[in-house]
Amino acid sequence: MTDTISHASEACDHDSSSRPFPFEAVDRSQIDSVKWSTKPHELPMWVADMDFATAPAIVDAVRERVSNPTYGYSLVPDEFGQTIAAWWRQEYQTQINPADVIFAAGVIPAISSAIRSLTNPGEKIVVQSPVYNNFYTSIINNGRQVCDAPLIYQAGEYSMDFAALEEAFSDPLTTMMILCNPQNPTGNIWSADDLAIIAQLAKDHHVIVVSDEIHCDIRRPGLAHTPFASVYPAAREVAVTCNSPSKAFNIAGLHSAYLVVSTDWIRRRVQAQLIRDGVAEPTVFSCPAAIAAYAHSRDWLRAVNHYIQENKDYARTKLSKNLPNLHIPRSDATYLLWLDCRAFTSDADLLSRQIREQTGLYLSSGKMYGPSGAAFLRMNLGTSRTLVEDGTDRLIQALSRQQ
């Protein structure tokens, strides 16, 4: 990684004067990084974390906690819920009660606990493919059934299939939906109207909606995120919102997430299950980092979002110019691009292996996100412009051989 990453600072020199923070890729090759545990010539653009140093306020909060050389058990302070409630009010124009905020060690552990506490073995849980692969894992590993109501892919863009959702919700065995809001891997930001239809269907059919909103703070500048729980009076009655500062502020390794649950009986059951599952206690860094993110790092996040959007715009323009048969659906959220490679392959597993073997570029195969992703690749652009340029060059090189 060292040879590749050494150019990262050059990529940001022309940008740093117009931004309050320098966004250069940090060398992660010697810290047991999941993403960067690769061969020296390889360029990993797969797993969903960023290569940027996190916000200075978060670093300061962690350093302050480290300065006290005792690292025993920690409580969740009242400030945790209060800070999250303030963030929802300021960022999403949504009022929540701090008492409705529950700490969890991660979004996927929270989803698994919600599944165990609110559904029974053998029941069906609805997803909308292509969707984050760990939804499937959480459902299947807990002895429930996956019920897929795939997104509509038409004219190169994604939308919800409400007829398929209503059919899925009408099944007596269906008791839960896991909603990806905004959507991973497509990058769709769902409208309030879309979410309101889901809320009404869920209420009509007694379905609980677990809304994974972990990617909501990385989005195209000028666009808003709508929490599922905010769209319709019925939504709060059926909503279990799962979120975390981990994606937006690049602190996944600090294990700080939360749920917002307004309905008392649902909140009590989920909270009890989180405790049983051993994922209800913070590390010594979990809460200080989250509080510093939401209370003191808004400017940093704004700068990140502008930088990510420039990376997306650059990659889209360059790939479209050089690979006219490659389609890239509009991506308004996440730092990911979802690449339609149907002109090149019907087997994304094979194609991703070939690209890695030929160029060292490591992308995610779309197959893991469901059958409708069988000919797609996912590309992570949460890195320096130099590495984005390198990655797009490698992808063009590999796919040009497939034409």
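Residues numbered from 1 in each chain as written. Predicted model: local features only at pLDDT ≥ 70, side-chain atom pairs only at ≥ 80, totals over all residues. Heavy atoms only, no water.

1. Description of the pairing of strand 10 (residues 257-260)
Across the two faces of strand 10 the burial is the same, with Ala257 and Leu259 and Tyr258 and Val260 all buried. In this structure, strand 9 (residues 239-243) lies alongside strand 10, joined through three bridges in antiparallel fashion. Note on strand 10: the bridge partner recorded for Asn243 is Tyr258. (Buried < 20%, exposed > 50% of the residue type's maximum accessible area, 1.4 Å probe, protein only. Helix = DSSP H or I, 4+ residues; strand = E, 2+ residues; numbered from the N terminus. Pairing = 2+ DSSP bridges.)

2. Side note on the packing of helix 4 (residues 78-92) against helix 13 (residues 298-322)
Each pair of packed helices can be described by the angle between their axes along with the distance between the axes. Look at helix 4 against helix 13: their axes get within 14 Å of each other, and the N-to-C directions meet at 45°. By the angle class used here, helix 4 and helix 13 are oblique. For the element pair helix 4 and helix 13, the recorded crossing hand is right-handed. Here Trp87, Gln90 and Glu91 of helix 4 lie close against helix 13, whose contacting residues are Arg298, Leu301 and Arg302. Of the residues assigned to the contact of helix 4 with helix 13, the class counts are two nonpolar, one polar and three charged. (Axes fitted to C-alpha atoms, helices over the stretch in contact; angles between N-to-C directions. Parallel < 35°, antiparallel > 145°, perpendicular 65-115°, else oblique. Left-handed = near helix turned anticlockwise from the far one by under 90°. Contact = heavy atoms within 4.5 Å. Nonpolar A, V, L, I, M, F, W, Y, C, P; charged D, E, K, R; others polar.)

3. Observations regarding the pattern of salt bridges
Summed over the entire model, instances satisfying the criterion amount to 18 salt bridges. Asp347 is the salt-bridge partner of Lys367, the closest N and O atoms lying 3.2 Å from each other. Of the two residues, Lys367 sits in the loop between strand 13 (364-365) and strand 14 (376-380) while Asp347 sits in the loop between strand 11 (336-340) and helix 14 (348-359), which places them 20 residues apart along the sequence. Among the charged side chains, a network of salt bridges with common partners joins Glu91, Asp217, Arg219, Arg298 and Arg302. (Salt bridge = Lys/Arg side-chain N within 4 Å of Asp/Glu carboxyl O.)

4. Comments concerning the sheet that holds strand 11
Spatially, the three strands line up as an open sheet ordered 11-14-13, and their pairing is antiparallel. Where the open sheet ends on each side, the last strands, each with one partner, are strand 11 and strand 13. Pairing geometry for strand 11 and strand 14, over five bridges, is antiparallel. If you follow Leu339 over to strand 14, its bridge partner there is Leu377. Sheet contacts for helix 14: strand 13 and strand 14; angle to strand 14, the most-contacted strand, approximately 45°.

5. With respect to the nonpolar core
One finds Ile58, Phe80, Ile84, Phe249, Tyr258 and Trp300 to be the most contacted residues of the largest nonpolar core, which totals 37 residues. Of all elements in the fold, only helix 3 (56-66), helix 4, strand 2 (101-104), helix 10 (246-249), strand 10, helix 12 (286-296) and helix 13 reach the threshold of two or more residues within this core. Each of domain 1 (43-55 + 297-401) and domain 2 (72-295) accounts for three or more of the residues forming this core. Setting aside anything within four residues of it in sequence, one finds Ile84 in contact with Ile96, Val101, Tyr258 and Tyr294. (Core = buried A, V, L, I, M, F, W, Y, C linked by side-chain atoms within 4.5 Å. Domains from an automatic or database assignment.)

6. Quick notes on the domain arrangement of the chain
The assigned domain composition of the chain is domain 1 (43-55 + 297-401) and domain 2 (72-295). Taken over C-alpha atoms, the centre of domain 1 sits 25 Å from the centre of domain 2. When the two sides are added together, the surface that domain 1 and domain 2 hide from each other amounts to roughly 3,100 Å², 51% of it contributed by carbon and sulfur. It is Arg298, Asp332 and Tyr369 that lose the most area in domain 1 upon contact with domain 2, and together they represent 18% of the buried surface on that side. At the boundary of domain 1 and domain 2, one finds three salt bridges. (Buried area = accessible area lost by both parts, 1.4 Å probe.)

7. Quick look at helix 11 (residues 264-276)
With 13 residues, helix 11 extends 18 Å between its outermost C-alpha atoms, agreeing within 8% with the 18 Å of an ideal straight helix rising 1.5 Å per residue. Residues of helix 11 that are buried include every one of Ile266, Arg267, Val270, Gln273 and Leu274, and no others. For helix 11, the angular spread of the buried residues around the axis is 135°, confining them to a single face. Opposite the packed face of helix 11, turned more than 90 degrees from it, sit the exposed residues Arg268, Ile275 and Arg276. (Expected span 1.5 Å × (residues − 1). Arc of directions from axis to C-beta.)

8. What to know about the UniProt feature "domain: Aminotransferase class I/classII large" (unreviewed entry) in the chain
Under the UniProt annotation, "domain: Aminotransferase class I/classII large" (unreviewed entry) lies at residues 49-390. Secondary structure within residues 49-390 divides into 43% helix and 15% strand; the distance between the first and last C-alpha atoms comes to 18 Å. (UniProt positions renumbered as here; feature names shortened; annotations may be inferred.)

9. Re helix 3
Those residues of helix 3 that sit buried are Ile58, Ala61, Val62 and Arg65. For helix 3, the angular spread of the buried residues around the axis is 95°, confining them to a single face. Every exposed residue of helix 3 that faces more than 90 degrees away from the buried side is listed here: Arg63 and Glu64. Against the buried residues of helix 3 lie helix 10 and helix 12.

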